[in-house]
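Here is what each chain is made of, one letter per residue.
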Amino acid sequence: MSAGAIGSAKLMMLSGIGPKQELNKHKIPILAELPVGQGLQDHFGTRVDFQLNGPHGTNVKTVESPLTSMKYLALKKGPFVTSGIDTQAFIATKAQAKRQPGVPDIQLLTFGVAGNIRIETDMFNYREDMLTDSIKRSLEKSDEDIKDENGFAIVPVLLHPKSKGNVTLHSSNPLHNPIIHPNYLDHPDDEAALIEARRFALSLKDAPSFKKLLLHTDTPYPSERNPVETMCPFEKKDSTDCERWLTRNLGMNIYHPVATCRMGRVSDPTTVVDARLRVHGISGLRVIDASIMRNLPSGNTNAPTIMIGEKGADMIKEDWKLK
């Protein structure tokens, strides 16, 4: 089984391997009662926007221009030679520094373009009807105006969330999508860490190297195109209440779901597979994907997932005595 943290959980439960209550709910015969779909973890981030005072970055008009695409296809030059995430950094919040000195709990991603609602709904798969009215009004108002503006966004990402979600079935029909309950920011420590990370990102506007490039440095938020005054319902714009509101309403998942089929000993009630990725109590079945991770790594899940696949393939060959 190698369908990812969402797909593997769905297929396992449809096959009768999962929580008893969930399988009974959909009248699926139980082959093995295991915590499939439980303990879902994902990286979650929020956004801080900055406007630049000149052509120091890439703007929306450049990104949308056919010339930009032609330049990349013909010369492999221009903004499309990058993933859009131009720089990254890792920091530790105060609580993390006390708990595990030297181990970061926040990743800072930098998107090198000033965004708008249409681009961001496409990039992060937002449903426009799910966005709050105040955010839609604020972003749509400046949708055309910002195409010539140069800017960037810093996205603080929580690396080790304490909040846990789950994946359940919509029905016993395999054509139906599963139900994903991410429970982002369910634990108060997660919210506190991201609020601190937002404030750190905002503080960068006062650094000399940033200050000379930014258009707005004398306001609580250095971007007029995404004005906090029209978005945050609280009067004091640099208050914890306002930061909490922004953290949640400008939040985004990073598409790193893991831990729905956790690896561990049979005696551990939170696990689904053993150290050789074999499903507890089921012969001839392994899960080899990101769902077996016990916890999120301190960074992207792509490389660890590739190594899980490589190691899983080696285990299969070893057990079947294949060279």
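Everything that follows concerns the structure shown earlier in this document.
Residues numbered from 1 in each chain as written. Predicted model: local features only at pLDDT ≥ 70, side-chain atom pairs only at ≥ 80, totals over all residues. Heavy atoms only, no water.

Novice: Explanation requested: the sheet that holds strand β3 (residues 38-40) in the structure shown.
Specialist: What links the strands of a sheet is backbone hydrogen bonding, and the strands pair in either a parallel or an antiparallel sense. Strands sit in the order β3-β9-β10 across an open sheet of 3 strands; the sheet is antiparallel. The two strands at the open ends of the sheet, each matched to only one other strand, are β3 and β10 (179-181). For this sheet, the mean inter-axis angle between neighbouring strands, taken without regard to orientation, is 35 degrees. In this structure, β3 lies alongside strand β9 (residues 165-168), joined through 2 bridges in antiparallel fashion. By the bridge assignment for β9, Leu 40 is matched with Gly 165. The sheet strands contacting helix α1 (residues 4-14) are β3, β9 and β10, and the helix crosses β9 at an angle near 50 degrees. (Pairing = 2+ DSSP bridges. Helix = DSSP H or I, 4+ residues; strand = E, 2+ residues; numbered from the N terminus. Axes fitted to C-alpha atoms, helices over the stretch in contact; angles between N-to-C directions. Contact = heavy atoms within 4.5 Å.)

Novice: What is the right way to look at helix α12 (residues 302-319) in this model?
Specialist: Think of an α-helix as turning once every 3.6 residues; residues three or four places apart then point the same way. Compared with an ideal rise of 1.5 Å per residue, which puts 18 residues at 26 Å, α12 spans 26 Å between its outermost C-alpha atoms and is within 8% of the ideal. For α12, the set of buried residues is Ile 308, Gly 312 and Met 315. Here the buried residues of α12 occupy an arc of 60 degrees about the axis, which is enough to place them on one side. In α12, those exposed residues whose orientation departs by more than 90 degrees from the buried face are Asn 302 and Met 307. (Expected span 1.5 Å × (residues − 1). Buried < 20%, exposed > 50% of the residue type's maximum accessible area, 1.4 Å probe, protein only. Arc of directions from axis to C-beta.)

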